[in-house]
Amino acid sequence: MLYELYELRHMLAAPVRLPAEISRAFFQSPLNPLSMTPAGRALAAGAEMISRLSRRFSRPAFNINHTIIGGKRVAVKEDIIADRPFSRLLHFKRSINRNDPRILIVAPLSGHFATLLRGTVKDLLPHHEVFITDWKDAREVPLSEGRFDLDDSMAYIHDFMSLLGPETHVIAVCQPASLVLAAIAVMASERDPNQPASMILMGGPIDTRVSKTKVTQHAQSKPLRWFEENVIHTVPSYYPGAGRQVYPGFLQLSGFMSMNMDLHVDSHMKFFQHAITGDGDSNEKHRVFYNEFLSVMDLTAEFYLQTISEIFQKQSLPRGKMKWRNPKTGELLDVSPQDIRHTALMTVEGELDDISARGQTTAAHELCLSLSQRKQYHHFQLGCGHYGIFNGTRWQKEIMPRIRHFVRMIDEDRDPVPDADLKKIPDLAPERFNRDKHGIVAVRRWLKESRPESFEQCQPIQENTENKAKPEPEFCLTAEPPKPATDKQVNHQIKETKEDVTITDTPKKKKKPRINKGHKPKVKVTLPLLEPLEKINKPDPKANVIEVSFTKKEKKTKSSSDTTSKSTPAKVEVANSRTKTANKTTAKPRAKNKSKPKKSTAKTKAKTNSKTNSKTKANTKNKPNDDKKRKA
């Protein structure tokens, strides 16, 4: 029903759009004297605004007819190399004999046409043989052509890379970055001789757990059932793909617009002001960008839902659980990026990217464990958003020269870049990937410093994965409790001193901590980490009891008393004032200290021997009271 309402809105806007087009043409005509007045320009600008807001933008053309190589104009022809039901492989053939590297651009299948990468193709054409995947609108594909899901898209990419041969360099922009990595991993596991020479992943969601954006939050905050019931619709009967379940492009466009609505409103206000002041160059740039941005295409429902499930919710690729079913044979294969050894890797990320934030694309280096360090490179572009990675000034002057250098560094037997082109855009070398600087830990540190709100949403987890060669990354957007440690795990022994704290690894030992009063314990205390509270040994309640003993013998050497005091740390010395009184009355040996002497024994002794009774009375006067002893 939503698709029909959208079409009805455009039909109702037709009577408004037609007069607006006529008014714009009348007030912009050079034969009209009002076109040079401020009032005429304002009327023409308002009419153009109404016309653009009410019209539908269809698939634009590439319109790349020539390029400049070494200061010379070279004609370019657009050829179709392969034509499939849901995609075409286009080749921009140059009318010049040059031995340049072969590049395959995998365009994003996320609601926009491949013409969104027109600027990318233009800047790469002078020094490369450029091919691009041109995905078709799902509403234009008849239902008889069958399904098109995530496995089919990987099969298309796999076939296109095999068709172009082993000397191909693949550039994946945004959404297909994970699919390109998975397809190359399958080719590496099969030891396919047509594995590409290198892959350049630009702003793609390889591991969406590393950092958080509005896109990942929206995809992970709702169950898959919600997407099936709310965003999947049927193509109306007046389109070739009638009856097909699709994710409409206008919903994707509304999502993109809502992410930066203030910027789009401000851009249209500036467009109106420039039209009044007569700034034609700025308005022409606005038209070119929004003609491309507002032209959208539908995606098949199965492809969209599998992308949400596998890439954003399950994170199958970084967890080592991704599978690929070959549509031709039906064989189910494991996707193992650790098998990649031949294809070099370069990743590109933007500082202000709000769709695939920093760290999501760099995670590809953590997955390619078997790839040599000399084949891994990374570039982080400052002050660059998502679209600035593949379009605009920063792409042209900062990112493209590094890709050009990286490709020729891998593929050495190629023609050099003309000197005239190097003067315009100097060559720049990419930086070799360094885990301490570009890895997940470094990204987390950067998020904590620059974007603390995104850092707090990424909770650490500890989880095992089926891919034994790839350890589980340590960061996730959803909080999961850690598993309790087993008895075989190594505990950390903490030694506390007055100056510092040292941590050493020792086997687990069960010790009862002894607490002494008056000074800090100098014994080693073992604290088992990652253990539940129930398993930690409770301290002995008798450990705090103070043992006081009095010996029978009166005369003791100083050496013996010193040694006993050092060897028995649990015995406590009596207070100085009491020790002096006790030493004065040590003419005869004292009996052992009893907690509560009985009265009956004192009476019997008094009756039997009066001499002993007098002696005991003398001794009791010198002894401290029992209550005072307990308080001491």
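A few points on the structure. Everything numeric here is computed off the predicted structure, so don't read it as measured data.

Within the protein one finds 23 helices and 20 strands. Looking at the protein residue by residue over its 632 residues, the buried ones come to 43%.

In spatial order, the strands read β1-β2-β3-β5-β4-β6-β7-β13-β14-β15; together these ten strands make up an open sheet with mixed pairing. Only two strands of the sheet have a single partner each, and these edge strands are β1 (66–69) and β15 (431–432). Here four bridges tie strand β4 (residues 102–106) to strand β5 (residues 129–135), and the two strands are oriented parallel to one another. What sits directly across from Ile103, in β5, is Val130. Packing of helix α14 (residues 393–410) onto the sheet brings it into contact with β4, β6 (168–173), β7 (198–202), β13 (344–350) and β14 (376–381), and relative to β14 it is tilted by some 175 degrees.

As summarised here, the arrangement of the three strands in space is β8-β9-β10, forming an open sheet in which the pairing is antiparallel. On the outer flanks of this sheet lie β8 (233–234) and β10 (299–300), each paired with one strand and no other. Here β8 runs beside strand β9 (residues 245–247); their pairing, made up of two bridges, is antiparallel. The partner of His233 across the bridge, within β9, is Val246.

Helix α9 (residues 261–277) packs onto helix α2 (residues 38–54) with a crossing angle of 145 degrees between their chain directions and a minimal axis gap of 8 Å. Seen from above, α2 lies across α9 with right-handed handedness. Facing α2, whose interface residues are Arg41, Ala42, Ala45, Gly46, Glu48, Met49, Arg52 and Leu53, α9 presents His268, Phe271, Phe272, Ala275 and Ile276. Here the residues of the contact of α2 with α9 are counted per class, giving eight nonpolar, two polar and three charged.

Our next topic: the environment of Ile50. Within the element layout of this structure, Ile50 appears in helix α2. For Ile50, a relative accessible area of 42% gives the class partly exposed. Spatially, the C-alpha atom of Ile50 lies 6.4 Å from that of Ala20, the residues being 30 residues apart in sequence. With residues near it in sequence (within four places) discarded, Ile50 still touches Val16 and Ala20.

For a regular strand, side chains alternate in direction, first toward one face of the sheet and then toward the other. Counting buried residues in β14 gives six out of six residues, a clear majority hidden from the surface. Residues Gln376, His378 and Phe380 of β14 are buried on one face, and the alternating residues Tyr377, His379 and Gln381, pointing to the opposite face, are buried as well. Note: β13 against β14, six bridges, orientation parallel. Opposite Gly350, over in β14, you have Gln381 as the bridge partner. Here β14 pairs with β15 via two bridges, running antiparallel. Each residue of the ladder has a partner; that of His378, found in β15, is Glu431.

Of all five residues that make up β7, five are buried, and the element is covered over most of its length. Along β7, one buried face is formed by Ser198, Ile200 and Met202 and the opposite face, lined by Met199 and Leu201, is buried too. Pairing geometry for β6 and β7, over five bridges, is parallel. Counterpart to Val173 in the pairing with β7 is Met202. What joins β6 to β7 is helix α5 (residues 177–189), and the crossover it makes is right-handed. Where β7 and β13 come together, five bridges link them in parallel fashion. Considered in β13, the bridge of Leu201 is made with Thr347.

Reading the values: rules and limits
- The written sequence of each chain sets the order in which its residues are numbered from 1.
- Note on the predicted model: pLDDT of at least 70 is required for a residue's local features to be given, and 80 or more for side-chain atom pairs to be given and counted; whole-chain, interface and lining totals, by contrast, use all residues.
- Derived side-chain values reflect all non-hydrogen atoms in the structure, with water molecules and hydrogen atoms excluded from consideration.
- Numbering of helices and strands starts at the N terminus; helices are DSSP runs of H or I of at least 4 residues and strands are runs of E of at least 2.
- Partly exposed describes any residue whose relative accessible area lies between the buried limit of under 20% and the exposed limit of over 50%, with all areas from a 1.4 Å probe on protein chains only and scaled to the type maximum.
- By definition, two strands form a pair when at least two bridges between them are found by DSSP.
- Throughout, a residue-residue contact means that at least one pair of heavy atoms, one from each residue, lies within 4.5 Å.
- Note on geometry: axes are C-alpha line fits, over the in-contact stretch for helices, and angles between N-to-C directions span 0 to 180 degrees.
- By the definition used in this description, the sense in which the near helix is turned from the far one sets the handedness, with an anticlockwise turn below a right angle giving left-handed and a clockwise turn giving right-handed.
- Three residue categories are used. Nonpolar comprises Ala, Val, Leu, Ile, Met, Phe, Trp, Tyr, Cys and Pro, charged comprises Asp, Glu, Lys and Arg, and polar comprises the others, including Gly.
- A clockwise course of the path from the first strand over the helix to the second, judged with the strands pointing away from the viewer, identifies a crossover as right-handed.

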